[in-house]
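What the coordinates show
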Amino acid sequence: MAATAAVIMAAMAASSEVTARAATLLVMCGAKTEASRVALVRNRGADRVVVETMAAHGGHLVVALAGCSALRNLLTAASNRVPLVRAGAGRAVVAAMAAHAGAAKVARSGCVTLMWMAEEISNCVPLVRDARAGAAVVAVMAAHAGDVGVAGAGLRALWNLSAAGDNQVPLVRDAGAARAVVAAMTAHAGDAEVARAGSRALWNLAVPVDNHIPLVQDASAGRALVAAMAAHAGEVDVARSGCAALMLMAVEPTNGVPLVRDAGAGRAVVAAMAAHGGDVEVARGGSRALWNLSVTGDNCVPLMLAGAARAVVAAMAAHRGDAVVAVAGNRVFRNLAGAATNRVALVRDVGAGRAVVAAMAAHTDDVLVVCTGCTALMWMAEEPTNCVPLVRDTSAGVIVVAAMAAHAGNVEVAHAGSHALWNLSAPADNHVPLVRDAGAAHAVVAAMAAHGDNASVARAGCNMLWNLSEAADNRVPLARDAEAGRAVVAAMAAHASDNRDVARAGCGALRNLAVAADNRVPLVRDAGAGRAVVAALAAHTDNVEVARAGCTALVWMAEELANCVPLERDAGAGFAVVAVMAVHGGDAGVAVAGSRALWNLSAAADNQVPLVRDAGAGHAVVAAMAAHGENVEVARAGCSALWNMVAAADNRVPLVRDAGAGAAVLAALMAHGHADLEVAVAGCGALCGMLDDAGNKPALSAAGAAVVVEACLAAHSADDRMSVLASDALARLSE
């Protein structure tokens, strides 16, 4: 103020009118109280006087300086800001700055005055749009690039002007504000005020998506922020603004790699979080910045090497009660775990699993925290060696189950939780603890019931139950207590027809549950498991994995004799098995499972004729034995199935004459009978059954059955079963 008065007094001799005008303005500069400043505008028309004086005599340096000084003084009263801008004060200052572009004092004073006008948010858009204040500030910053005072004042003006959302794109696109800010921060890198104001201005300018690419790829704003954060590491305001601005710029996917690789944004954020660990705003902005930077896959390993995970773990521990930090931290871990090489280190070395579990425990009622936490755990558990430590050491299973219970109606939590439990349940060591201690089965079954229309929940649930039911100790509790069988059947009914993964996993889960003898009848009779498997096989006949899983499930259900007739008569199991065996004739897994299923189904006398006559089971078994003659398991199952089928008198001639069963059995005995007792016993038993019909004897004799049986008997003469069956077959052949 004193300097301005000296300039005015020195110019009084030059022009009496200018002197008078300047003196008037100088009086306004002398108002010392809020009330006097308001009174000058409200009662004495100071706003009009200043604007008119600057318009008429602004070409005189003394008037320009005095006008800016007067306005700055009046603007310190908040209630004057809107009236002054409405009166044209913004235009007057911009005109003065243009008229005296070479005068650093006018540039500094004008920028400070505009900054005060823009303290009122409703003034910002008129100042930029109508008075072109942004362009004026950028122009004087360029003209006086070496003047730290102009730089600081200009940055503070741009900071305030850019607070209005409608100004942010025009300031970058039309006024060149981004380049001006970066240039000032670069030229005055050692000045903390420049760093502070520049970082805040860039934070504001980075809000709209349309500015992200220009800021990073054209103006190098990322590099400027990183440099400021390094040069002023102890300044918390610079850290806050820098992290927040980088967070916003990193929303644009194509900015991610340049920010991390070229600008060093990852290391800068990590350093800021370490230097200001107790500041929640730095923790929030830093965690969010790392979240956005880690969305780009190519950044995940470099960010891990830069210490991003450790920084987030520390922030989550220091600010455990802050949900914003928790959500952002969970998302960082989810992204970093997307890179397979990061997963072990995240859990073993950094403690990310514990951090996520702690955040979920602290914010159980926050749906976003628990949802992002479940997702992070899911990705960490993509690495099998992480799963046991996560369940055993961090109680990840327990916390996921708690989250699913607390937010049972939320499909996103159900989805994320089910997928996390699916991955965590992969290792055998987790199977029993997850069911017994964590209640994982009940949680997933509840999610599948609550969100029955969601295929992804169904897929994850069926796969998790498939995993958990691998443990023998889990099978009965899963079916009896958690009603896993019903849940799987319901999921398959809703989704198996159009979702191959649900079909395959559902069949796998039902297969495992049916291994427990106590589950077999309830699964078929009460849960409808047989129908579900048959429907899956019919819907995905062309898929070999569904075929294997479905046939194997039917094998175990049909281990219970009481199930066999309902499976064949009511569910159509025989037809389904024969169909997939025909489609996948070259697959040994389908051949083995299909033949075993038909073997068990044909144990029921009431099934034997329908299986052969209606379903074509004899032809299917013979074809499998021919296609996989070298496979001893196919030979065992095939011979055993045919042995059951020939127990029905009506089947004996058609099987030998039409299906070629005799030749198939003899081929199996020749290939495996000498080395495998089960093939020898089942093959000789099947031949005995065929020979119960005398009409089959000529064909079997001509095929050399006696020689084959004698060879098998010689190889297994010590086995009582073999002795009885072989002797019986030879006797019949010799009659």
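Residues numbered from 1 in each chain as written. Predicted model: local features only at pLDDT ≥ 70, side-chain atom pairs only at ≥ 80, totals over all residues. Heavy atoms only, no water.

**Considerations on the overall build of the protein**
- If you tally the helices and strands in the protein, you get 50 helices and zero strands.
- Expressed along its principal axes, the backbone C-alpha trace of the protein runs to roughly 150 × 40 × 40 Å.
- Relative to its full complement of 735 residues, the protein shows a buried share of 57%.
- Taking contacts inside the protein between residues at least 6 apart in sequence as the whole, the part at least 24 apart equals 73%.
- When the accessible area of the protein is evaluated, it comes to approximately 27,500 Å², of which 54% is carbon and sulfur surface. (Helix = DSSP H or I, 4+ residues; strand = E, 2+ residues; numbered from the N terminus. Buried < 20%, exposed > 50% of the residue type's maximum accessible area, 1.4 Å probe, protein only. Contact = heavy atoms within 4.5 Å. Areas by Shrake-Rupley, 256 points an atom, 1.4 Å probe, with all protein chains shown as cover.)

**Focus on the pattern of salt bridges**
- Evaluation of the coordinates by the stated rule reveals 30 salt bridges.
- With a shortest N-O distance of 2.9 Å, Arg129 and Asp130 are connected by a salt bridge.
- On the basis of relative accessibility, which here comes to 33%, the residue Asp130 falls in the partly exposed class.
- Residue Asp174 pairs with Arg173 through a salt bridge whose shortest N-O separation is 2.9 Å. For the pair formed by Asp174 and Arg173, the shared burial category is exposed.
- Bridged by salt links that share partners, the residues Glu193, Arg196, Glu235, Asp237, Arg240 and Asp279 form one connected network. (Salt bridge = Lys/Arg side-chain N within 4 Å of Asp/Glu carboxyl O.)

**A closer look at the packing of helix H42 (residues 605-615) against helix H45 (residues 649-657)**
- At a closest axis distance of 9 Å, the pairing of H42 and H45 adopts a crossing angle of 30°. Accordingly, the angle class assigned to the pair H42 and H45 is roughly parallel. At the point where H42 passes H45, the crossing takes the left-handed sense. Contacts between H42 and H45 involve Gln608, Val609 and Val612 from the first element and Asp650, Asn651 and Leu655 from the second.
- The residue makeup of the contact of H42 with H45, split by class, is three nonpolar, two polar and one charged. (Axes fitted to C-alpha atoms, helices over the stretch in contact; angles between N-to-C directions. Parallel < 35°, antiparallel > 145°, perpendicular 65-115°, else oblique. Left-handed = near helix turned anticlockwise from the far one by under 90°. Nonpolar A, V, L, I, M, F, W, Y, C, P; charged D, E, K, R; others polar.)

**Focus on the environment of Gly338**
- Turning to its location among the elements, Gly338 is positioned in the loop between helix H23 (323-336) and helix H24 (343-350).
- Leaving out residues up to four positions away in the same chain, Gly338 has contacts with Arg343 and Trp379.

**Considerations on unusual backbone geometry**
- Phi at Ser220 is positive, roughly 60°, even though this residue is not glycine.
- Counting through the fold element by element, Ser220 comes out in the loop between helix H15 (212-218) and helix H16 (221-231).
- Positive phi is not limited to glycine here, since Ser395 has a value of about 60°.
- Residue position: Ser395 is located in the loop between helix H27 (384-394) and helix H28 (396-406).

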